[in-house]
Amino acid sequence: MRFSPAPAADLARLHAELGAALEEFERQTERDPYGNPVQLLAFDLLRRLDLDLSPALIEQLLQRLTLHAFAERARRLASYVGDGEPANNRAAIEASIRRLGFDRAGKPVSFERFRATVEREVYGIVITAHPTFGLAFRIERALAALALDADATGEKLNPAERQRLARRVIEAEHRPEPGIDLKAEHNLSLEVLENIRTALSQLYEAAFAVAGELYPDRWMELRPRLLTVASWVGFDLDGRADIPWNDSFYKRLKLAAMQVRYYRDRLTEIAPLVDGSTRSAFSSLTKRLAVAADEMDREIEIFETASGDPKGARDRLAAVARTMHEGRKTRLVSAAEIAAGLEQALVSAPETARPAIAVLLAEVLNHGLGLAHIHVRLNATQLHNAIRREIGMEGAPDDPSRRRSFHAAINALLSDVKPASINFGSLMAERASAKRLFMLVAQFLKYIDATTPIRFLIAECETSFTLLTALHYARMFGVDDRIDISPLFETIKAFERAPRILDDVLANPHYAAYLRKRGRLCIQTGFSDAGRNLGQTVTAATVELLRSRLADLLAERGFTDIELVIFDTHGESVGRGCHYDGFAQRFAYVASPESRRRFAAKGIRVKQETSYQGGDGWLYFMTPAASLAAVARMVEFALETPEEKSADPFYADYDYVTEFFIAVRQFNERVMGDRNYATLLDSFGPSLLYPAGSRAMRRETEGTAQRPDLVHPTQMRAIPHNSILQQLGLMANTLGGVGQAIRKDPEHFQRLYRESPRFRNLMAMVRWAMAFSHPDLLKGYIDLLDPGLWLMQAAHHSSVGHSDELRQVSDHLERLGSHEKLTRIFRVLQADYLDVVAGLGPEGVAAEPLLPAAMRRDLHLLHAIRIALIQRIFLLSTHIPAFTDRHGITPEQLMAKVLHLEIDSAVAVLRRIFPMVEEQFDLAAFGEPASYRSEEAQSYEAEHRRIFEPMGHLYELVRRTGSAITHIIGAVG
């Protein structure tokens, strides 16, 4: 609790009372178009805060609303993953694999045909550390366990355990881990990856069980793959300067050490089932693995503590580097020797031991020396900066006047690559981040795992020059045979150019040879940043169009014999391209049945990958039971055979569909370029939520207590951008422009919506966003910054003191001068919202049924409470004592912080200006008597107690309200 406990109160009664009041205000405003029920309730709550509602009681009510939202989130999570019973999910996996043994007519197929699919990678899980860790880790674990009704071992929760978890949730402050950093995120990712590994082990067991049933004489020949798991936690350097190379290296070592110990433990468990020479071989291999893991642990400790580059750390790094180099011949750097021992044992072991050996062999072949494969990532600009001097590049690589010469220069380098040998000292000395990352990859392959491929993701890839540059460095540092270069298409320019970029590299002899050697082409599409700029529905349609063009392009260029890997980066929020209606719709949203059919028709093998971002995305893997359920849904999707032909009118009505999405895109581009929209995002910004990850949500201005300049929307990261819209009550990045597009031809829209499954799948995202959005909510926040409204309150207030507070807030807001800008962008968004409502029509397409009525009421109630709390903070700020500009900030700048809800920063400044206890002088020690006492020597304890501390506590309630809203929405950002 932030406030002293309130006297016992009937919270259920208060909850119902406020809900009834909200409904009454809604009825009143049906007759009053100028009224806003959320705002009216907020005014009423503010008034009652001076009467019968203490902040402590509001705090308890917020906890009640938070728990209701948590329960709804748990219910929805359970529904999302489907059947959570482990036995049923094991059966579902076996059923999906068994269908591969029969053709469409139900006739058995050959072992070779069955094997061809089971030994392919058909789907990939990618774990990322996006800042969506909105809950403390122990509450995330409780959420997953309560939702799936299963404990950490996968067993059904007993009543006592369920009660213990419920008590944990009830008593917790629903907020992220305080001071969360990358190390904490990485440690949680290891826990998640272990749960996924357990589920994949059961997948392999199922594959062998089915193979033994269908092909009893050949099941041991099977080497199932099907699903892979990768992580970029600690390896994503795009936009981050806080991850030194040694940090990434020790995290990769940790993945290896954990997996090696797992192999050792599994061998120890299997050893009693075998005898003779096999048991002896297992014993030798077990000792080899134990020594390797211990060696890695020692190296982990040195690399982990080497940040900052002090001389002592450099000397320790140099010493361990020499030891690693000298021991390379005996160092365990490949899973091949483990696999070879298991291959031999599989033939010679007794029947009873063979299934366990076969499963472990599959794990070794799939995981290699790591708990997960890894993805590294940087930005295209980092590559351009690295190559700039080598080819004398001035300006952008896609400058039409120089493009040909730049390409000629990079092709010349590729024709005569001079290999470079490196060591760890090279990494320490290198300043170009792109070169350093390639060096790091080389050291991963040299000292940790020499055979498992590494994905090299390039963000904001807008020209083929970028990919050729990456290939140049891959060859220079000798990693091109084990690295998969993958462009990320997420910007408007990148999506427009993607077909040409890929056509260019397919036609380039160097890159074509590289792809043939690797046997695969990897691309990545970004739903988060693209959805922020284009609009979420446009992004999905654009990705699908890219997939269709890519199918044609690979066929035309003669590359249908290589594998295509499509990694779709989206999160758990509707604003980042995650379909709300279960895993089946989630997969269909990013990889429609029609696009999969087109690839199949051209004989192109496709591996689909999707990301699971941060705390929200890891919920599916927070327990073994949840992980198995998620894996079952993935297998069902990946092994499903698309229909032979689609009759969906979405693909025939090309002109209307194209114009519809162009209209949505144009709207979003106009909004993103509107300075008034930037003002809206900046009004309260990320201050409505706690920091939810190690990546900062706001760029701080160093060396000053002043507010940073207004950030243009295109410079803001996708997750904080989406979070702001969620917390302000209007998900414009999903809804924006859809109303405008509908309005052009409502009848055509309605017809396509009725007849097209694909169009309904896309528009379902709009319906879901509508469930959490309403102009009244956004207007309530905008009007907090309306000086006229505060002045009107002052005119109607009988207390002179309160009236003066209200007028002071009005004066500060007048100087801030943002309200008129906010009302202009509000009208743009409101008009489009009304067009969506009208366009969805009267046929039950309205959003309310998707969200229980009681939960929608609670959502609006939470917004009203938060608006009242913010008003209270503003009023308290009028009592801040006057001060002079001697702390690097003026009173006006301090008030600007308060009005933007940067309360932590404002209170920290106030504590410096008005310290609780000043330094005390013993005046008697100076000889002569002195009765004067300076005001500067007095303590400001009263101001801290009456103003600063309550402002801080009320702000905590503001952010905890944001956590409750996040529970209802189901994701951060």
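Residues numbered from 1 in each chain as written. Predicted model: local features only at pLDDT ≥ 70, side-chain atom pairs only at ≥ 80, totals over all residues. Heavy atoms only, no water.

(A) Spotlight on helix α19 (residues 492-507). For α19, with 16 residues, the first-to-last C-alpha span of 24 Å sits near the 22 Å given by 1.5 Å per residue. Of all the residues in α19, the buried ones are Ala494, Phe495, Ala498, Ile501, Leu502, Val505 and Leu506. Among the structural elements, α18 (464-476), β5 (483-489), α20 (509-518), β6 (520-526), α21 (528-534) and α22 (536-556) are those in contact with the buried residues of α19. (Helix = DSSP H or I, 4+ residues; strand = E, 2+ residues; numbered from the N terminus. Expected span 1.5 Å × (residues − 1). Buried < 20%, exposed > 50% of the residue type's maximum accessible area, 1.4 Å probe, protein only. Contact = heavy atoms within 4.5 Å.)

(B) Broad picture of the side chain of aspartate 616. Locating aspartate 616 in the fold gives a position in helix α25 (residues 614-618). By relative accessible area, which is 5% here, aspartate 616 ends up buried.

(C) Local environment of unusual backbone geometry. Positive phi, normally seen in glycine, also occurs at aspartate 149, with a value near 55 degrees. Note on aspartate 149: relative accessible area 19%, which makes it buried. Here glutamate 460, not a glycine, exhibits a phi torsion of approximately 55 degrees, which is positive. One can find glutamate 460 in the loop between β4 (454-459) and α18. Assessed through its relative accessible area of 37%, glutamate 460 is described here as partly exposed.

(D) Representation of the confidence of the model for the protein within the structure. Taken over all residues, the pLDDT of the protein has a mean of 93, while the share at 70 or more is 96%. Every residue in residues 698-704 scores below 50 in pLDDT, and together they form 14 contacts with partners more than four places removed in sequence or on other chains. Overall, residues 844-848 carries pLDDT values under 50, and its contacts beyond four positions in sequence, including any with other chains, amount to nine contacts. (pLDDT = per-residue confidence, 0-100.)

(E) Inspection of the sheet that holds strand β7 (residues 563-569) at higher detail. Read around the closed barrel, eight strands run β1-β2-β3-β4-β5-β6-β7-β8, paired in parallel fashion. With strand direction ignored, the average angle separating the axes of adjacent strands in the sheet is 25 degrees. Where β6 lies against β7, seven bridges are found, and the strand directions are parallel. Residue pairing across strands places isoleucine 523 opposite isoleucine 566, the latter belonging to β7. (Pairing = 2+ DSSP bridges. Axes fitted to C-alpha atoms, helices over the stretch in contact; angles between N-to-C directions.)

(F) Just the pairing of strand β1 (residues 121-128), in detail. When you tally the buried positions in β1, you get eight out of eight residues, the bulk of the element. Two strands pair when backbone bridges link them, and β1 and strand β2 (residues 226-231) are joined in this way by six bridges, in the parallel orientation. The partner of glycine 124 across the bridge, within β2, is threonine 228. Across six bridges, β1 lies against strand β8 (residues 606-613) in parallel orientation. Its bridge partner lying in β8, glycine 124 is registered against glutamate 609.

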